[in-house]
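Notes for the structure review
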Amino acid sequence: NGTDTSQGKGQLISNMNACQAVGEILRTTLGPRGMDKLIHEGRAVTISNDGATIVKLLNIVHPAAKTLVDIAKSQDDEVGDGTTSVTLLACEMMRNSRDFVEEGMHPRVLIKGFRLACALTLKRIRELAVDIRGENADDQRQLLQKCGATALNSKLISHHKAFFAEMVTDAVLSLDEDLDLAMIGIKKVAGGSVRDSLLVRGVAFKKTFSYAGFEQQPKKFENPKIILLNVELELKAEKENAEVRVNSTQEYQAIVDAEWNIIYEKLDRIVATGAKVVLSRLAIGDLATQYFADRDIFCAGRVPSDDMERVSRAVGGAVQSSVSNVPESALGSCALFEERSFGNERFNLFTGVPEAKTATIIVRGGSEQFMEETERSLHDSIMIVRRAIKYPTAVAGGGAIEMALSRYIRDEAAKVAGKHQLIMLAFAKTLEVIPRTLCDNAGFDATSVLNKLRARHAAAAPGDACWIGVDIELGDVCDTWDAFVWEPALVKLNAIAAATEACCLILSTDETIRNPASEAAAQGAPGTMGGGGGMSMGGMGMAGMPGMRGPGVQKLAGRGGR
């Protein structure tokens, strides 16, 4: 009873409008000359141009617009880069299909036309993609660096892209064949210049909480044995309300002695293993710390689980939940263990690890927000280099591949009869949103540059690859492949497929049903949909932006996301 339904053409257009609002926010972040967004929610402040980060922090509540959040997250998880591009493509596809909807074309006809155009586009990308395997290891490393640098072009650290691209490539190439992302750690240390960042070929983690006696322990070992524990090495307090009845002081002393004997027995067994480095997920107390210091053994307690996992896989040891009968095979080893200082932080470093190859990037910077954005940028670049190793094909960026695909779809549309021809032409126009937005964000005349791009691509032979894209330095066109603006083909394949599916999902929805009774329990979250598919917002939302609530958003002059 009281259920409200919104349906028909008005509902469909309303959903498209909500998605357009999200697209307009992200539009200005695309490319090397894009802008950053400052998002504040309470005391938390985030400066970013990463599409997935922005849509996640915007707290979008409109049901249709949430689709864009999903495709941005999907792109981030699958490829790591191109999150802004996929959102813009989906929004532009809806914008171009809106006229057809208003003129009465059935959404199913639109969906079929878009899927046909998408299939042709994906096929063409695979034909145009260039193999970047390289003739030898050095050649491959150079090619991977170019892909990693392209991913950093649009980031806050783009001025140092050569420095970080080399670091990222070395980190990824130091991994095993499975290229497990968890084996690359990124640690942030405040202070210093961004160029003070460094790559540690091994495991590094911050010094943990320590007791008196820690400073007496040696901080450097060569070829040490390492034992990893999940054992608490300190005297435990009695449980609350525990009651022990004794008849003499001797009985009480026996209870106290038993406690000390238990911990000393544990410590003696650890020393007997021959380990020189003791790491534990749980606390190592003052007694144990001094005990190890007297025997020239290093110990660290309360080691974070992710760092413990990386050390375990790197040094080849297994985490023990008991110190009884620890086998020799459960101990790990490394070529060098040492404690080093970076800024005001002290780090424990394990290098020359034999079992699993791993790396740690230590990021330096002046502010917390800057280091967080650097970490997000490095994550994107690491993902791109990983994907380029697994799927070693690349295409030219800078809008070149989009213009080549747009020209191909226009040619193919001429061979298709009926309404689908118009829809395929709309799809071809959609692909041009990437070079157009790159020009707009750089302050160029987008119409002039796009006309030059169309002319150069039309002049190329139909079957040849034409890599003419936007020259972001001169405001003209250039061969972006020769300029080393390379992107893994997987980025474009995933972005176009995800954007098409998101648009088709919105087009196939013609009715929204809202049950007020079920919403009554969620009244604390403003911004629900109104009748007729309308949208409202709450909190510190963006004025006039439908379907938004939560943090405020400001534009910052800076670099853009992709």
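Quick summary incoming for the structure in this document. (Residues numbered from 1 in each chain as written. Predicted model: local features only at pLDDT ≥ 70, side-chain atom pairs only at ≥ 80, totals over all residues. Heavy atoms only, no water.)

1. Side note on the packing of aromatic side chains
- On inspection of all chains with the given rule, the structure shows 15 aromatic pairs.
- Centre to centre, the rings of Phe114 and Phe427 are 6.2 Å apart; their planes meet at 50°, and the pair counts as tilted. Here the residue Phe114 occupies a position in helix α5 (residues 107–128), and Phe427 occupies one in helix α13 (residues 419–431), the gap between them amounting to 313 residues.
- Look at Phe114 and you get buried, because its relative accessible area is 0%.
- Taking relative accessible area as the criterion, Phe427 reaches 1% and is therefore assigned buried.
- Relative to Phe337, the ring of Phe298 has its centre 4.8 Å away and its plane inclined at 50°; by these criteria the two rings are tilted. On the criterion of sequence distance, the pair formed by Phe298 in strand β11 (residues 298–300) and Phe337 in strand β13 (residues 336–342) is long-range, its members being 39 residues apart.
- By relative accessible area, which is 0% here, Phe298 ends up buried. (Phe/Tyr/Trp six-rings, centres within 6.5 Å; stacked < 30°, edge-to-face > 60°. Helix = DSSP H or I, 4+ residues; strand = E, 2+ residues; numbered from the N terminus. Buried < 20%, exposed > 50% of the residue type's maximum accessible area, 1.4 Å probe, protein only.)

2. Some words on the environment of Glu166
- For Glu166, the position within the fold is in helix α7 (residues 161–173).
- Owing to a relative accessible area of 38%, Glu166 belongs among the partly exposed residues under this scheme.
- Spatially, the C-alpha atoms of Glu166 and Gln142 are 8.8 Å apart, while their sequence positions differ by 24 residues.
- Among all residues touching Glu166, those that are not within four sequence positions of it are Arg141 and Gln145. (Contact = heavy atoms within 4.5 Å.)

3. Section: unusual backbone geometry
- Positive phi, close to 50°, is recorded for Asn223, a residue that is not glycine.
- If you trace the backbone, Asn223 turns up in the loop between β8 (220–222) and β9 (225–229).
- One non-glycine residue, Asp296, lies in the positive phi region at around 55°.
- Locating Asp296 in the fold gives a position in the loop between α9 (286–294) and β11.
- Residue classification places Asp296 among the partly exposed positions, given a relative accessible area of 45%.

4. With respect to the nonpolar core
- Of all hydrophobic cores here, the largest spans 102 residues; its most connected members are Phe114, Ile361 and Ile496.
- Mapping this core onto the domain boundaries places at least three of its residues in each of domain 1 (4–132 + 395–511) and domain 2 (154–197 + 362–391).
- Membership of the second largest hydrophobic core comes to 20 residues, among which are Val231, Ala288, Tyr291 and Ile297. (Core = buried A, V, L, I, M, F, W, Y, C linked by side-chain atoms within 4.5 Å. Domains from an automatic or database assignment.)

5. Quick notes on helix α10 (residues 305–315)
- Listed in full, the buried residues belonging to α10 are Asp307, Met308, Arg310, Val311, Ser312, Ala314 and Val315.
- Looking one or two places after α10, you find Gly316, whose phi comes out positive at around 85°.

6. Comments concerning the pairing of strand β3 (residues 44–48)
- Note that strand β2 (residues 36–41) and β3 share five bridges and pair antiparallel. Across the sheet, residue His40 finds its bridge partner in β3, namely Val45.
- With antiparallel pairing between neighbouring strands as the criterion, β2 and β3 make up a hairpin whose turn holds two residues, including Gly42 at a positive phi of roughly 65°. (Pairing = 2+ DSSP bridges.)

7. Regarding the sheet that holds strand β15 (residues 359–365)
- The three strands lie next to each other as β5-β15-β6, forming an open sheet whose pairing is mixed. Taken across any chain shown, the strands that pair with only one partner, and hence form the sheet edges, are β5 (184–190) and β6 (198–200). Taking each pair of neighbouring strands and ignoring which way they run, the sheet shows an average axis angle of 25°.
- Pairing between β6 and β15: three bridges, direction antiparallel. By the bridge assignment for β15, Leu198 is matched with Ile362.
- Across the sheet, α7 lies against β5, β6 and β15, angled at about 10° from β6, the strand it touches most.
- Set on the sheet, α10 makes contact with β5 and β15; between it and β5 the angle comes to about 130°. (Axes fitted to C-alpha atoms, helices over the stretch in contact; angles between N-to-C directions.)

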